[in-house]
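Commentary on secondary and tertiary structure
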Amino acid sequence: MWRALTEPQLLERWLRMSNDIKPVVGHRFELLADPVPAAGFEGGPVACEVLAVEPERLLSISWGPEWTVTWRLVPEGRGTRLFLSHEGFDPDDEFQRMSRRIMGGGWRTGVPKALARVLDEMPDRKT
């Protein structure tokens, strides 16, 4: 699962955003986001930076100027449980509230399914 979070081609396959991520603290990269007209988001590059890395355990990135996304991997049985936190939303800002609602829905539904498909297609499921 770590590779799916840290290799640009694999990350793009499930997140559906081209990128040049590297699991190195301080690495700056962009996610190329599609427009979301309902949220007033025109799309385009989102500036990101790798904030924390613990190989095979934790990856934390800034997502634009306000948000932080952290993935934590925890061994469980013969597999791995993935925990996600997406923080930094301002509850008093309408755009931020709408973004949280839209992104939260994606994180809970479409993204896990897309990630599972990518993981199922990987020849070596251990990494």
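That block above? That's the structure.
Presented here is an overview of the structure given in this document.

Structural notes on the packing of aromatic side chains
This structure, assessed with the given rule, holds 4 aromatic pairs. Ring centres of Trp14 and Trp71 lie 6.3 Å apart, and the angle between their planes is 85°; this geometry places the pair in the edge-to-face category. Separated by 57 residues along the polypeptide, Trp14 in helix 2 (residues 8-15) and Trp71 in strand 4 (residues 67-76) bring together distant segments of the chain. The class of Trp14 is buried, set by a relative accessible area of 1%.

Considering the sheet that holds strand 3 (residues 58-63)
Backbone-to-backbone hydrogen bonds pair the strands of a sheet. The strands run either parallel or antiparallel. Taken in spatial order, the 5 strands make up an open sheet running 1-2-3-4-5, and their pairing is antiparallel. The open sheet terminates on both sides in strands that have one partner only, identified here as strand 1 (28-33) and strand 5 (79-87). On average, adjacent strands in this sheet sit at an angle of 25° to one another, irrespective of strand direction. Across 6 bridges, strand 1 lies against strand 2 (residues 44-54) in antiparallel orientation. From the neighbouring strand, Leu31 faces strand 2, where its bridge partner is Val46.

Topic: the pattern of salt bridges
Within this structure, the stated rule accounts for 5 salt bridges. Put simply, Arg13 and Glu121 hold a salt bridge, and the shortest N to O gap is 2.0 Å. Of this pair, Arg13 sits in helix 2 while Glu121 is found in helix 4 (residues 110-121), placing the two residues 108 residues apart along the sequence. The exposure class of Arg13 is partly exposed, given its relative accessible area of 39%. The class for Glu121 is exposed, based on a relative accessible area of 53%.

Details of the nonpolar core
As a rule of thumb, soluble globular proteins bury nonpolar side chains together. Counting 31 residues, the largest nonpolar core has Trp14, Leu31, Leu59, Ile61, Trp63, Trp71 and Trp107 as its most contacted members. With 5 residues, the top contributor of residues to this core is helix 4. Beyond its immediate chain neighbours, meaning those up to four positions away, Leu31 contacts Leu15, Met17, Ser18, Asn19, Gly44, Pro45, Val46, Cys48 and Trp63.

Overview of the side chain of Ser60
Position of Ser60 among the secondary structure elements: in strand 3. Of note is the side chain of Ser60, whose polar atom sits 2.9 Å from the side chain of Thr70. Excluding residues within four positions of it along the chain, Ser60 makes contact with Glu49, Val50, Leu51, Ala52, Thr68, Val69 and Thr70.

A few points about the pairing of strand 2
With 6 bridges connecting them, strand 2 and strand 3 associate as antiparallel partners. Within strand 3, the residue paired with Val50 across the bridge is Ile61. Counting the residues between successive antiparallel strands, the hairpin from strand 2 to strand 3 contains 3 residues, one of them, Glu56, with a positive phi of roughly 70°.

Definitions and limits used
Residues numbered from 1 in each chain as written. Predicted model: local features only at pLDDT ≥ 70, side-chain atom pairs only at ≥ 80, totals over all residues. Heavy atoms only, no water. Phe/Tyr/Trp six-rings, centres within 6.5 Å; stacked < 30°, edge-to-face > 60°. Helix = DSSP H or I, 4+ residues; strand = E, 2+ residues; numbered from the N terminus. Buried < 20%, exposed > 50% of the residue type's maximum accessible area, 1.4 Å probe, protein only. Pairing = 2+ DSSP bridges. Axes fitted to C-alpha atoms, helices over the stretch in contact; angles between N-to-C directions. Salt bridge = Lys/Arg side-chain N within 4 Å of Asp/Glu carboxyl O. Core = buried A, V, L, I, M, F, W, Y, C linked by side-chain atoms within 4.5 Å. Contact = heavy atoms within 4.5 Å. Polar contact = N/O pair within 3.5 Å; in protein donor to acceptor, adjacent residues only side chain to side chain.

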